[in-house]
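Architecture at a glance
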Amino acid sequence: LLTGIASSLVACGLPVDEVEEDVQRVAIRFGAADPQVVATPTSVTVALARGAAAAVERVGPPLRLEQVADVTLARHQLLADELPWREVRARLEGLRTAPSRVPPWIRDLSWVVVAMGITLLMQPGWANLAVAGAAALLVVGLIRVSRHSRTTASLLPAIAAFAVCTVVLLAAQAGWIDGGALRTV
């Protein structure tokens, strides 16, 4: 239970020092006198006392927003004695396999909306908005390709940055965007 909570909280994106404190609170709540918790971005280690055997668990991929809400709610309910620990453990185990509440195409299009929203704040203008939307669609395409190729997935940030910069700089060179290209990027 403790390693499951810890690895889930790290996968939520919480700072590791907060994860360590939260898991220690849960362990003390269930009777551990001196719990030892070490959390890193890739793994967690939990022992119920100094010198006791420790359990180690690898942290999985980042959780989706609705999964983060489920993890934090389960942790709260566990600490408030609103939910038995067995049910919390079952929820955490089923969390990774739960289907997304949002269809993939909506998640993909949300990237376009976010990019266009940032462009409206940084460099407003219809032309800049169109270029940002086109660059975001290109990134969405790269994200979809990276789901099928480990090589592309590991290089995705660099490939996406290069592709976006190329599109925006070509649009700026052609005179299609207003103002500087840097804010549009």
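These lines cover the structure that appears in this document, whether it is placed above or below. (Residues numbered from 1 in each chain as written. Predicted model: local features only at pLDDT ≥ 70, side-chain atom pairs only at ≥ 80, totals over all residues. Heavy atoms only, no water.)

**Some remarks on the pattern of salt bridges**
Tallied over the entire structure, the rule returns eight salt bridges. Close ionic contact of Asp22 with Arg25 constitutes a salt bridge, the shortest N to O distance being 2.7 Å. Of the two residues, Asp22 and Arg25 both sit in helix H2 (residues 16-29), three residues apart, roughly one turn of that helix. Note that Glu87 and Arg91 form a salt bridge whose closest N and O atoms lie 3.9 Å from each other. Within this pair, Glu87 and its partner Arg91 are both found in helix H4 (residues 85-95), separated by four residues, close to a single helical turn. By relative accessible area, which is 37% here, Glu87 ends up partly exposed. Salt bridges sharing partners connect three or more residues here, namely Asp22, Arg25 and Arg75. (Salt bridge = Lys/Arg side-chain N within 4 Å of Asp/Glu carboxyl O. Helix = DSSP H or I, 4+ residues; strand = E, 2+ residues; numbered from the N terminus. Buried < 20%, exposed > 50% of the residue type's maximum accessible area, 1.4 Å probe, protein only.)

**So, the environment of Arg50**
The topology assignment puts Arg50 in the loop between strand S2 (43-47) and strand S3 (54-58). Separated by 135 residues in the primary sequence, Arg50 and Val185 place their C-alpha atoms 51 Å from one another. With residues near it in sequence (within four places) discarded, Arg50 still touches Asp34 and Gln36. At a separation of 3.0 Å, a polar atom in the side chain of Arg50 contacts the side chain of Asp34. (Contact = heavy atoms within 4.5 Å. Polar contact = N/O pair within 3.5 Å; in protein donor to acceptor, adjacent residues only side chain to side chain.)

**Quick look at helix H1 (residues 2-11)**
With ten of ten residues buried, H1 lies mostly within the body of the structure. When we look at burial in H1, the residues that qualify are Leu2, Thr3, Gly4, Ile5, Ala6, Ser7, Ser8, Leu9, Val10 and Ala11. Where the residues of H1 are buried, they touch H2, strand S1 (36-39), S2, S3, helix H3 (65-79) and H4. Directly after H1, the chain includes Gly13, whose backbone phi takes a positive value near 100°.

**Things to note about the packing of helix H6 (residues 126-146) against helix H7 (residues 150-173)**
Packing of H6 against H7 leaves a shortest axis separation of 9 Å and a crossing angle of 160°. Taken together, the axes of H6 and H7 are roughly antiparallel relative to one another. Two packed elements cross with a definite hand, and for H6 against H7 that hand is right-handed. Taking contact as the criterion, the partners of Val131, Ala135, Leu138, Val139, Leu142, Ile143, Val145 and Ser146 in H6 are, on H7, Thr152, Ala153, Leu156, Ile159, Ala160, Ala163, Val164, Val167, Val168 and Ala171. (Axes fitted to C-alpha atoms, helices over the stretch in contact; angles between N-to-C directions. Parallel < 35°, antiparallel > 145°, perpendicular 65-115°, else oblique. Left-handed = near helix turned anticlockwise from the far one by under 90°.)

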